[in-house]
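In case you want the letters, here they are:
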Amino acid sequence: MKYDDTDREPELPPEGHPLRKLAKRLTELLDEDQWAECERLLLEGWMHDELDRKMGQHWREDSSLDVWFPFTAEEL
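Residues numbered from 1 in each chain as written. Predicted model: local features only at pLDDT ≥ 70, side-chain atom pairs only at ≥ 80, totals over all residues. Heavy atoms only, no water.

A. Fine view of the overall build of the protein. Within the protein, the secondary structure is distributed over 4 helices and 0 strands. Along the protein, helices and strands appear, N-terminal first, in the series α-α-α-α. Put simply, of all contacts in the protein between residues at least 6 apart along the chain, 38% involve residues at least 24 apart. As displayed, the protein offers around 7,000 Å² of accessible surface, 57% of which is attributable to carbon and sulfur atoms. (Helix = DSSP H or I, 4+ residues; strand = E, 2+ residues; numbered from the N terminus. Contact = heavy atoms within 4.5 Å. Areas by Shrake-Rupley, 256 points an atom, 1.4 Å probe, with all protein chains shown as cover.)

B. Seen up close, the confidence of the model for the protein. With 86% of its residues at a pLDDT of 70 or more, the protein has an overall mean of 82. The least confident element of the protein is helix H4 (residues 65-68), whose mean pLDDT is 84; the most confident is helix H1 (residues 18-29), at 89. (pLDDT = per-residue confidence, 0-100.)

C. A look at the pattern of salt bridges. In total, this model carries 6 salt bridges according to the counting rule given. As a salt-bridge pair, Glu 15 and Arg 20 come within 2.4 Å of each other at their nearest N and O atoms. Across the pair Lys 24 and Glu 28 runs a salt bridge whose closest N-O atoms are separated by 3.6 Å. Of this pair, Lys 24 and Glu 28 are both found in helix H1, 4 residues apart, which corresponds to roughly one turn of the helix. Connected via shared salt-bridge partners are Lys 24, Arg 25 and Glu 28. (Salt bridge = Lys/Arg side-chain N within 4 Å of Asp/Glu carboxyl O.)

D. Fine view of the packing of aromatic side chains. Taken as a whole and assessed by the stated rule, the structure comprises 1 aromatic pair. Aromatic pair Trp 59 and Trp 68: ring centres 5.2 Å apart, planes at 65°, arrangement edge-to-face. A cation over an aromatic ring shows up here: Arg 53 above the ring of Trp 46, its NZ or CZ 3.7 Å from the ring centre. (Phe/Tyr/Trp six-rings, centres within 6.5 Å; stacked < 30°, edge-to-face > 60°. Lys NZ or Arg CZ within 6 Å of the ring centre and 35° of its normal.)

E. Summary view of the packing of H1 against helix H2 (residues 32-48). Between H1 and H2, the shortest axis-to-axis distance is 10 Å and the interhelical angle comes to 175°. Considering the angle they form, H1 stands roughly antiparallel to H2. The residues of H2 that touch H1, namely those facing Leu 19, Leu 22, Ala 23, Leu 26 and Thr 27, are Trp 35, Cys 38, Leu 42 and Trp 46. (Axes fitted to C-alpha atoms, helices over the stretch in contact; angles between N-to-C directions. Parallel < 35°, antiparallel > 145°, perpendicular 65-115°, else oblique.)

The structure is reproduced here in structure tokens:
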């Protein structure tokens, strides 16, 4: 069964992250409606990137070929 996280509050990038800096600058440049749209897009991009961040973490923890490429050429 797949985990449903649609009602989960989006995780924000850590302090000092370039997306945080971009968001701060956009709040200075855009009116409230424009900012709301950009904020949504920034958060969607950050959440979409979560899979890549997790995969990178798993790779750094164990980058053995047995884990990442479990099939031999004969098995394929």
